[in-house]
Amino acid sequence: MFSIAIVLFSAFQFGVAAFTLWWMLHAWRTPETLESTKFAAPDGDCGLSFSLLVPARHEQEVLDRTVTRLLESTHTDYEVLVIVGHDDPETAEVAHALAARNAGRVRVVTDYHEKKNKPKALNNALPHCRGDVVGVFDAEDQVHPELLAHVDHAFRDTDAAVVQGGVQLINYHSSWYSLRNCLEYFFWFRSRLHLHASKGFIPLGGNTVFVRTDLLRANGGWDQDCLAEDCDLGVRLSSQGAKVVVAYDSEMVTREETPGSVVALMKQRTRWNQGFLQVLRKKDWKRLPTRRQRLLARYTLMTPFFQAFSGVLVMLGFTVALITNVPIGVALISFLPVIPMLATFFFEAVGLHDFGKQYQLPVRPRHYVKLLLGGPVYQLILAWAALRAVWREARGRKDWELTKHVGAHLEAEAAL
């Protein structure tokens, strides 16, 4: 009985690790695939108008810098709508000062909901949007001045309904976990999202995402009761067959910072995981046209929980194999998941080298050591966040745990 359980659990862990690795490396499979992940060069025309939404809550420390950077855009037809809470006077003061300095380009929308969250703020601003396309940015985002010109061209060149740009955490040196956090984003936006777009199912990101305004309004905006409103919107639009284009260019990515503490990281992941659970339960993904797409959707939405379960099984399997009298063949099979796991560590190291090269950041030997040693602890944090998400969902806890931003990515840029 023990032997059968070990073989089955080992096969499950091997499958999870192998799928994760294969999808993580999607963009690098061929030079042609890698080339196709970039923005095409813009043609110089500004054919579309943009409404850029910037929800901000207790983010007076970073908001001015973010909006000022947006106003450096080379595009000529856009507006910035800063959304602030009626109970957040410090952020509102910064927002109104920006609007006063940039009349006609920046407007302030006040959110009067008693219980606030990001999708409520976005829906509050949607009726005020005048542009052909709605774009979403977070209050700490550092956006490239030429991004809108590239996105404009991507919409017109591909007839896309949605364009998802790249997002990159940049302060890799701030803490022991920030290095892993940065690499997660690197593999997700550089590679994994392109796979999802090619398969016709994509959980969209929460910022640097652009949606045609009429399509967004036809869908009623964002689900304000969902803790992963970005993922939910992506699933709904995918199920309608909307064309989504993903583009990544290290010059064009929106730069962000990692959560400021392990607790903040754990709460952020809890919110995302709980949101994935909510999207899974809504079952919009069941309207995807093909069985393969539905399988991909189900697996993607359950991935955080598969990985948490797999981590527990790894420790359990090794222990059982070492302390019980099982056949040698079964004992060897129990170590099978180690193969893709070691391969993942190897490619993460290669990815770290590529990350440093693309962003011209100094990557030292100590960073590779930190990447290797931090891996198991980081996975434990993610596993705990997955369990906490299940616990909160079961208890009906749906309050929004805000991730505080202090501008660590700005310090990282200034230090270069």
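The rules behind these values
- Residues numbered from 1 in each chain as written.
- Predicted model: local features only at pLDDT ≥ 70, side-chain atom pairs only at ≥ 80, totals over all residues.
- Heavy atoms only, no water.
- Pairing = 2+ DSSP bridges.
- Helix = DSSP H or I, 4+ residues; strand = E, 2+ residues; numbered from the N terminus.
- Axes fitted to C-alpha atoms, helices over the stretch in contact; angles between N-to-C directions.
- Contact = heavy atoms within 4.5 Å.
- Buried < 20%, exposed > 50% of the residue type's maximum accessible area, 1.4 Å probe, protein only.
- Lys, Arg positive; Asp, Glu negative; His and termini not counted.
- Salt bridge = Lys/Arg side-chain N within 4 Å of Asp/Glu carboxyl O.
- 1 Å grid on protein atoms, 1.4 Å probe; cavity = no way out; pocket = protein on both sides within 12 Å on 5 of 7 lines; lining within 4 Å.
- Points joined across faces, edges and corners; volume = space filled by probe spheres on them.
- Core = buried A, V, L, I, M, F, W, Y, C linked by side-chain atoms within 4.5 Å.
- Polar contact = N/O pair within 3.5 Å; in protein donor to acceptor, adjacent residues only side chain to side chain.

Q: Any chance you could break down the sheet that holds strand β2 (residues 78–85) for me, citing the residues and the numbers?
A: Taken together, the 7 strands give an open sheet; going across it, the order is β3-β2-β1-β4-β7-β5-β8, and neighbouring strands pair in mixed fashion. Since the sheet does not close on itself, it has two edges, and those belong to β3 (106–111) and β8 (244–246), each with one partner. Adjacent strand axes in the sheet meet at a mean angle of 20°, parallel and antiparallel pairs treated alike. Sitting on the sheet, helix α5 (residues 118–125) is in contact with β1 (50–55), β2, β3 and β4 (133–136), with an inclination near 125° to β3.

Q: Go over the side chain of lysine 120, please, and point to the residues and values.
A: Summarising the element assignment, lysine 120 is placed in helix α5. Although buried, lysine 120 forms no salt bridge, and the nearest oppositely charged side chain, aspartate 225, lies 5.7 Å from it. Apart from residues no more than four positions distant in its own chain, lysine 120 is found in contact with Asp111, His113, Lys115 and Gln224.

Q: Describe empty space enclosed by the protein, and please don't skip the residues or the numbers.
A: Per the stated rule, a full pass over the model turns up 2 cavities of 30 Å³ or more. Lining of the largest cavity is provided by Lys118, Leu122, Val136, Leu204, Gly205, Gly206, Val209, Trp222, Glu229, Asp230 and Leu233. Of all the elements in the fold, those that place two or more residues in the lining of the largest cavity are α5 and α9 (229–239). Considering each element in turn, the lining of the largest cavity owes the most residues, 3 residues, to α9.

Q: Tell me about the nonpolar core, residues and numbers included.
A: Counting residues in hydrophobic clusters, the biggest one holds 47 residues, and the most contacted among them are Leu53, Val162, Val211, Trp222, Phe355 and Tyr359. If one sorts the elements of this core by residue count, helix α7 (residues 178–199) sits on top with 8 residues. When near neighbours in sequence (up to four residues on either side) are disregarded, phenylalanine 355 contacts Gln168, Leu169, Tyr172, Cys182, Leu183, Phe186 and Leu361. Residues Phe39, Leu52, Val67 and Val133 belong to the second largest nonpolar core, which totals 34 residues.

Q: Provide a residue-level description of the environment of tyrosine 78, including the pertinent values.
A: Here tyrosine 78 shows up in strand β2. With a relative accessible area of 5%, tyrosine 78 lands in the buried category. Distance from tyrosine 78 to serine 51, taken between C-alpha atoms, is 5.8 Å for residues 27 residues apart in sequence. Polar side-chain contacts of tyrosine 78 include one of 3.3 Å to the backbone oxygen of leucine 71.

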